[in-house]
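Letter by letter, the chains look like this.
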Amino acid sequence: MEQYPNQQSDILRDHRPKELPSTLNVLTILTFIGCAWSYIGTLWGLAMNKNPQEQIDKIREGRDKVGDGFLGRWLDASMEMAQRGEQFKYINVGLTFLFTTLCLVGALQMRKLKKQGFSLYAIGEIVPIPVMFILMGFNLATMVFGAFAAIIAIVFVILYAGQRKYMTNN
């Protein structure tokens, strides 16, 4: 009779849901915050960018006041980004929503300890970097923003990769 309670407790232990590791919990919460920031920032930028040519003209005025040093190159790159940003505005918005949603869905799946969430997340985090260079060109500003984005993306992908051992394929 003594074995019956132990067998019951073993059965219950096997059917308990796995506990979410604390590091994975923190990573997914940070991802949710980043995704919310991305959605809000994209919509805000779209709504508040009433006259992009006015912004370009202001950058051009500032450019005329500085020399050809670092600040001059930065303002040239900023002008190019503003022009290309306006040219590809709706493509940028659509891609931002697509890649942000991939990150969000991937994080939600990883919270459920599903490995396929990692692939979705990694695509949503890494692919936007070369896409930015394709749309915005290669200049000082895109190199700085691209490097910053790449560092954050690589760190998060590596941190999530370390949590895959807790996930399953179903």
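Scroll up to find the structure.
Reference entry: report on the structure contained in this document. (Residues numbered from 1 in each chain as written. Predicted model: local features only at pLDDT ≥ 70, side-chain atom pairs only at ≥ 80, totals over all residues. Heavy atoms only, no water.)

## Overview of the packing of helix α4 (residues 70-87) against helix α8 (residues 140-161)
- For the pair α4 and α8, the least separation of the axes is 7 Å and the interaxial angle reads 85 degrees. Viewed along their axes, α4 and α8 adopt a mutual orientation that is roughly perpendicular. Between α4 and α8, the residues in contact are Phe70, Arg73, Trp74, Ala77, Ser78 and Met81 and Leu140, Ala141, Thr142, Val144 and Phe145, respectively.
- Among the residues making up the contact of α4 with α8, the classes are represented as eight nonpolar, two polar and one charged. (Axes fitted to C-alpha atoms, helices over the stretch in contact; angles between N-to-C directions. Helix = DSSP H or I, 4+ residues; strand = E, 2+ residues; numbered from the N terminus. Parallel < 35°, antiparallel > 145°, perpendicular 65-115°, else oblique. Contact = heavy atoms within 4.5 Å. Nonpolar A, V, L, I, M, F, W, Y, C, P; charged D, E, K, R; others polar.)

## With respect to helix α5 (residues 89-111)
- Its 23 residues place the ends of α5 33 Å apart at the C-alpha level, agreeing with the 33 Å of an ideal helix rising 1.5 Å per residue.
- Buried residues of α5: Lys89, Val93, Phe99, Thr100, Cys103, Gly106, Ala107 and Met110, and no others.
- In the core, the buried residues of α5 are packed alongside α2 (22-48), α4, α6 (116-126), α7 (128-136) and α8.
- Looking one or two residues beyond α5, the residue adopting positive phi is Leu113, at roughly 65 degrees. (Expected span 1.5 Å × (residues − 1). Buried < 20%, exposed > 50% of the residue type's maximum accessible area, 1.4 Å probe, protein only.)

## Focus on the packing of aromatic side chains
- As enumerated under the stated definition, the model contains five aromatic pairs in all.
- Considering the side-chain rings of Trp74 and Phe145, the 6.0 Å spacing of their centres and the 55 degrees angle between planes classify their relative orientation as tilted. Remark: Phe145 occurs in helix α8 and Trp74 occurs in helix α4; sequence separation between them is 71 residues.
- For Trp74, a relative accessible area of 22% translates into the label partly exposed.
- Measuring from centroid to centroid gives 4.8 Å for Phe133 and Phe138, while their planes differ by 5 degrees, and the two rings are stacked. (Phe/Tyr/Trp six-rings, centres within 6.5 Å; stacked < 30°, edge-to-face > 60°.)

## Remarks on the nonpolar core
- Counting 14 residues, the largest nonpolar core has Leu24, Met110, Phe118, Tyr121, Phe156, Val157 and Tyr160 as the members making the most contacts within it.
- For this core, the elements supplying multiple residues, two or more each, are α2, α5, α6 and α8.
- If sequence neighbours within four positions are ignored, Tyr121 has contacts with Thr31, Leu102, Cys103, Gly106, Met110, Phe156, Val157 and Tyr160. (Core = buried A, V, L, I, M, F, W, Y, C linked by side-chain atoms within 4.5 Å.)

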